[in-house]
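Close look at the chain arrangement
Below, each chain spelled out in residue letters.
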Amino acid sequence: MADLWNEGTAGLLLTDAPPLIPEAPIKADKGEKSPKSPNKGKKSKDARTLRAAADNPVARIAVDLPLAHLDRPFDYLVPERIAAEARPGVRVRVRFAGKLTDGFLIERAADSEHPGSLRYLERVVSAEQVLTDEIAGLARAVADRYAGTLADVLRLAIPQRHAATEGTTAKSAGHPGGAQGRLPRPDPGPWTRYPAGPAFLSALADGRPARAAWTALPGPSWPEEIARAAVTTASGGRGAVIVVPDARDLARVDEALAGLIPQAAAPAGYVTLTAELGPAERYRRWLAALRGEALIVAGTRAAMFAPVRDLGLVVLWDDGDDLHADPHAPYPNAREVLALRAHRVGAAALIGGFARTTELTQLVAAGWARPLGPDRQMLRAAAPRVKPAADDSQLAKDEAAMTARLPGLALRTAREALTRGPVLVQVPRRGYLAAIACARCRTQARCTHVIGESGARCNGPLRLSGPHAAPDCRWCGALATQQDAAALDAAALDTAGDGSPAQGGWHCARCGHDKIRATVTGAGRTAEELGRAFPGVKVRRSGGDLVLPKVPGEPALVVATPGAEPLADYAAALLLDGWALLSLPSLRAGEETLRRWLGAAALVRPGGTVLVHADAALPATQALVRWDPVTFAERDLAERAELGFPPAVRMAAVSGEPAAVATVIGTIGQEFEVLGPVPLEQPGQAKEQDEEQVRALVRAPRAQGGALAKALQAAQAGRSARKEGGGVRVQLDPPELI
């Protein structure tokens with residue numbers, strides 16, 4: 001399929017993708033002398049090492065170099081003795097600037113345009129062709145989209161070699177696309193609940209590039225639905241790549257795939273890739289996909305580059321999860337990579353979750369994907385009943401319904417639901433008291449610890465990590481008062497005369513008061529309060545370092561932070577402290593809050609009760625009550641387009657030392673809008689003036705997104721070539737702008 005992608009309509013890659021290898025055929029110098037042998041001080045006695053291969057003697061190598069101005073292939077001569085091993089995609093070692101460096105052989109050519117002599121390849125590391133043409137082209141396109149280098153993307157796409165595994169794993173003899181390797185097509189199963197579900201599966205079986213923005217029904221069926229889509233694709237002889245946020249989701253998809261694929265179907269089976277696997281096992285499974293022994297690969301973020309043969313389907317579950325954003329340069333997002341990959345090879349795509357992101361809504365609005373969701377009748381039958389804890393009727397009965405953290409309705413709902421099963425309690429913050437303030441003047445308690453020799457104070461927010469703990473800083477970890485910390489004991493949380501817990505050694509910096517009040521209550525304190533409110537009921541906690549995978553169906557209160565909710569057939573759910581999520585300093589606060597709420601509410605059985613403690617008039621609350629994430633996302637996208645925020649526009653964040661940032665933004669041209677630079681906040685770190693970090697935002701219309709990335713690439717290459725000091729981080733479409 002052609003690499004042309006219309007950015008103005010689809011909004012992903014948006015320019016003609018450059019060729020994988022810049023056309024640079026140059027004649028090799030026939031009279032070139034052989035470089036010295038890599039064996040120090042020894043000259044090879046084999047005359048063939050000094051002779052280039054007779055057929056296509058020039059090898060174009062993607063050298064593993066981090067420098068932006070060297071982001072291009074380099075030509076080397078192939079010695080005749082390794083001509084048979086030097087095939088496209090193998091790992092090689094070359095001498096670059098006098099040092100042996102790793103690289104990948106991209107292609108062989110008859111000649112080179114380089115006017116001088118060419119060096120010889122030092123050796124082929126392995127005969128395994130680990131870099132396929134499809135992944136090489138994808139890596140180049142991802143690097144260009146995110147203003148990065150090919151070497152950075154290849155580090156994310158190709159795992160480190162494990163020689164023992166590579167040598168002991170037998171290579172598959174046949175291509176799984178043959179009739180004997182195909183899996184039987186499964187029945188639609190739960191996809192019949194969606195009006196367009198069976199038609200979507202038929203398109204997958206026929207190999208058509210159907211692209212769906214999926215709004216999943218609440219409940220536990222989504223892993224089975226993903227598995228059936230993948231196996232249906234494999235039944236037509238094509239491969240599938242499934243990406244989920246974390247290992248818990250992957251375990252559920254693994255179980256669903258195992259139920260549909262018999263063990264005897266190993267040549268056309270599946271593998272899972274996750275960071276928990278050791279290097280040997282992970283590389284063995286990756287090789288199984290590369291060699292065509294597995295048609296389906298499921299994994300976390302890194303699996304987006306899995307080398308599945310004849311790719312027919314990409315699946316991304318919960319595309320709004322921040323775990324899909326890679327923290328390594330050039331910081332690609334799995335949604336963009338998989339959508340780009342599906343487009344390049346003409347594969348189908350299934351992207352979605354319980355919620356809908358504005359980026360996926362942008363693809364629907366552009367016509368690249370079509371919505372795939374249930375009708376309202378099916379949704380009402382599958383979803384729990386959602387109601388706000390502080391609507392007008394409740395305020396008439398209980399004036400404290402809006403201000404109380406556990407209003408009467410929440411306690412009554414939990415008490416009634418406990419007779420039928422477990423009750424989920426979602427708390428936005430982990431810990432005990434995530435933030436505290438002075439009980440008298442209500443000033444937030446902040447850290448006065450001095451950092452470094454500059455005399456600057458940390459000023460981080462203080463917290464209580466337990467009922468008998470001293471206040472400590474969330475940024476630097478220092479105790480609020482080192483000299484009096486040992487004196488704090490159980491009396492620190494006793495109720496003082498004004499109803500606030502007395503903190504023996506701490507004093508308010510503003511009014512001198514020594515008592516505190518909680519401003520943000522964490523999951524630990526919530527579990528403690530619920531244990532007192534429901535004596536005799538078991539209280540379980542999930543979050544932080546201890547995440548429960550599932551809990552039994554017996555009555556219990558399960559207190560969990562967002563994303564750590566254990567699997568269970570919940571009778572009800574209480575979504576507490578909605579203001580804490582909605583007030584986050586982020587453009588995505590509403591979208592992320594709704595995603596977290598829907599993820600928890602989807603665990604409640606049909607007809608169960610979900611009580612959300614938030615203002616009933618807010619758009620996110622109304623979207624949850626109606627279970628309508630699509631309308632919310634469409635409205636959010638329209639507002640962002642009006643204000644000029646992503647994904648309606650392309651935006652880049654350029655951060656680093658002031659002089660380096662100024663050089664970059666001064667090089668990219670006047671056709672882009674530059675916002676800033678402004679000082680970059682670094683919580684808990686006291687910086688000297690000459691070490692100050694700044695950030696500038698560069699904005700461009702979607703139609704000029706490719707030009708923006710190209711300009712930033714050129715600016716980085718110029719700095720690299722001039723060897724300018726000062727680090728600069730360039731990130732296109734950053735997840736956070738505030």
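Scoring rules and cut-offs
Counting restarts for each chain, with residues numbered from 1 along the sequence as it is written. Local features are withheld for residues below a pLDDT of 70 in this predicted model, meaning they are given only at 70 or higher, and side-chain atom pairs are given and counted only at 80 or more; totals for whole chains, interfaces and linings count all residues. In computing side-chain properties, one takes all heavy atoms of the structure into account and sets aside hydrogens as well as water. Numbering of helices and strands runs from the N terminus; a helix is a DSSP stretch of H or I covering at least four residues, while a strand is a stretch of E covering at least two. Any residue under 20% of the maximum accessible area for its type is buried, any over 50% is exposed, and the rest in between are partly exposed; the area is computed with a 1.4 Å probe on protein chains only. Any two residues whose heavy atoms approach within 4.5 Å are treated as being in contact. In short, Shrake-Rupley with a 1.4 Å probe defines the accessible areas, and a residue's cover is counted only from the protein chains shown. To estimate the expected span of a helix, subtract one from its residue number and multiply by 1.5 Å. The reported arc concerns the directions from the helix axis to the C-beta atoms and nothing else. Two N or O atoms count as a polar contact when they lie within 3.5 Å, although within protein this holds only if one can serve as hydrogen donor and the other as acceptor, and sequence-adjacent residues are included solely when both atoms are side-chain atoms. In short, DSSP must find at least two bridges between two strands for them to pair. Note on method: axes are straight lines fitted to C-alpha atoms, helices fitted across the in-contact stretch only, with angles between N-to-C directions ranging 0 to 180 degrees. The salt bridge definition used is simple: a Lys or Arg side-chain nitrogen within 4 Å of an Asp or Glu carboxyl oxygen. Classification of ring pairs rests on two measures: the distance between centres of Phe, Tyr or Trp rings, Trp counted by its six-membered ring, which must be within 6.5 Å, and the angle between planes, read as stacked under 30 degrees, edge-to-face over 60 and tilted in between. Oblique is the label for any angle not under 35 degrees, not over 145, and not in the 65 to 115 range, which are roughly parallel, roughly antiparallel and roughly perpendicular in turn. Classification used: nonpolar for Ala, Val, Leu, Ile, Met, Phe, Trp, Tyr, Cys and Pro, charged for Asp, Glu, Lys and Arg, polar for all others including Gly.

Moving on to the overall build of the chain. The helix and strand tally for the chain stands at 19 helices and 28 strands. Per-residue burial for the chain yields a buried fraction of 53% across its 738 residues. Of all intrachain contacts in the chain linking residues separated by at least 6 positions in sequence, the fraction that spans at least 24 positions is 73%. Carbon together with sulfur atoms contributes 51% to the accessible area of the chain, which is approximately 32100 Å² in total.

Helix length check: helix α6 (residues 247–260) (14 residues) gives 20 Å between terminal C-alpha atoms against 20 Å at 1.5 Å per residue, within 8%. Regarding α6, the residues found buried are Asp249, Leu250, Arg252, Val253, Ala256 and Leu257. One side of α6 carries all its buried residues, which in axial view fall inside an arc of 160 degrees. Turned more than 90 degrees off the buried face of α6, the exposed positions are Glu255 and Gly259. As for α6, its buried residues are in contact with α5 (222–235), β7 (239–243), β8 (269–273), β9 (294–299) and β10 (311–317). With a side-chain oxygen positioned 3.2 Å from the backbone nitrogen of Arg248, the residue opening α6 is Asp246.

So, about the environment of Phe672. On the secondary structure map, Phe672 appears in the loop between α18 (658–667) and β26 (673–679). Accessibility expressed as a relative area gives 6% for Phe672, which makes it buried. The spatial distance from the C-alpha of Phe672 to the C-alpha of Val698 is 6.5 Å, given a sequence separation of 26 residues. Excluding residues that lie within four positions of it along the chain, Phe672 makes contacts with Val698, Arg699, Ala700, Gln704, Ala707, Leu708 and Ala711.

Let's shift gears to the sheet that holds strand β5 (residues 123–126). As summarised here, the arrangement of the 5 strands in space is β2-β1-β4-β3-β5, forming an open sheet in which the pairing is antiparallel. The sheet is open, and its two borders are formed by β2 (74–77) and β5, each paired with just one other strand. Adjacent strand axes in the sheet meet at a mean angle of 50 degrees, parallel and antiparallel pairs treated alike. The sheet contact formed by strand β3 (residues 91–96) and strand β4 (residues 99–109) spans 6 bridges and is antiparallel. Within β4, the position partnered with Arg95 by the bridge is Leu100.

What follows covers the pairing of β4. The sheet contact formed by strand β1 (residues 58–63) and β4 spans 6 bridges and is antiparallel. Paired with Ile61 across the strands is Leu105, a residue of β4. Hairpin connection, β3 to β4: the antiparallel pair is bridged by 2 residues, and Ala97 has positive phi, about 55 degrees.

A pair can form between side chains of opposite charge whenever their charged atoms are brought close. Tallied over the full model, the rule gives 46 salt bridges. Close ionic contact of Arg532 with Glu528 constitutes a salt bridge, the shortest N to O distance being 3.2 Å. Here Arg532 and its partner Glu528 are both found in helix α13 (residues 523–533), 4 residues apart, which amounts to about one turn of the helix. Using a relative accessible area of 54% as the deciding quantity, one classes Arg532 as exposed. For Glu528, a relative accessible area of 29% puts it in the partly exposed group. A salt bridge links Glu591 to Arg640; its shortest N-O distance comes to 3.8 Å. Here Glu591 is found in helix α15 (residues 589–601), whereas its partner Arg640 is found in helix α17 (residues 629–643), with 49 residues between them in sequence. Classification of Arg640 by relative accessible area gives buried; the value is 5%. Here the residues in one salt-bridge network are Arg145, Asp319, Arg335, Glu336, Glu359, Arg588, Glu591, Asp636, Arg640, Arg650 and Asp733, joined through shared partners.

This paragraph deals with the packing of aromatic side chains. Summed over all chains, the structure comprises 8 aromatic pairs. Where Phe74 meets Phe96, the ring centres are 5.0 Å apart and the plane angle is 70 degrees; that geometry is what we call edge-to-face. Highlighted residues: Phe74 in strand β2 and Phe96 in strand β3, separated in sequence by 22 residues. On the basis of an interplanar angle of 5 degrees and a centroid distance of 4.2 Å, the ring pair of Trp222 and Trp317 is categorised as stacked. Placement of Trp222 in helix α5 and of Trp317 in strand β10 is noted, with a sequence separation of 95 residues between them.

Okay, unusual backbone geometry next. Geometrically, the link from Ala329 to Pro330 is a cis peptide bond, its omega value of 5 degrees lying close to zero. Positionally, Pro330 belongs in the loop between β10 and α8 (334–345). Residue Pro677 is bonded to the preceding Gly676 through a cis peptide linkage, with omega at 10 degrees. Of note, Pro677 is situated in strand β26. Phi at Asp318 takes a positive value of approximately 55 degrees, unusual for a residue other than glycine. Structurally, Asp318 can be placed in the loop between β10 and α8. The phi dihedral of Asp577 falls on the positive side, at around 50 degrees, and the residue is not glycine. Looking at where Asp577 falls in the secondary structure, it is placed in the loop between β23 (570–575) and α14 (578–582).

Right, let's get into the environment of Asp111. When you line up the elements, Asp111 lands in the loop between β4 and β5. A relative accessible area of 26% means that Asp111 is categorised as partly exposed. In the structure, Asp111 is positioned 52 residues away from Ala59 in sequence and 9.1 Å away in space, judged by C-alpha atoms.

A few words now on the side chain of Thr215. Mapped onto the secondary structure, Thr215 falls in strand β6 (residues 211–215). Setting aside its immediate chain neighbours within four residues, Thr215 contacts Tyr194, Gly353, Phe354, Arg356, Leu372, Gly373, Pro374, Pro629 and Val630.

This part takes up the packing of helix α9 (residues 358–366) against α17. Between two packed helices, the angle of one axis relative to the other and the distance separating the axes together describe the packing. Running from N to C, α9 and α17 cross one another at 85 degrees; their axes reach a closest spacing of 9 Å. Relative to α17, the element α9 is oriented roughly perpendicular. Every residue of α17 that contacts α9 at Thr358, Thr361 and Gln362 is listed here: Ala633, Glu634, Asp636, Leu637 and Arg640. Looking at the contact of α9 with α17, its residues break down into 2 nonpolar, 3 polar and 3 charged.

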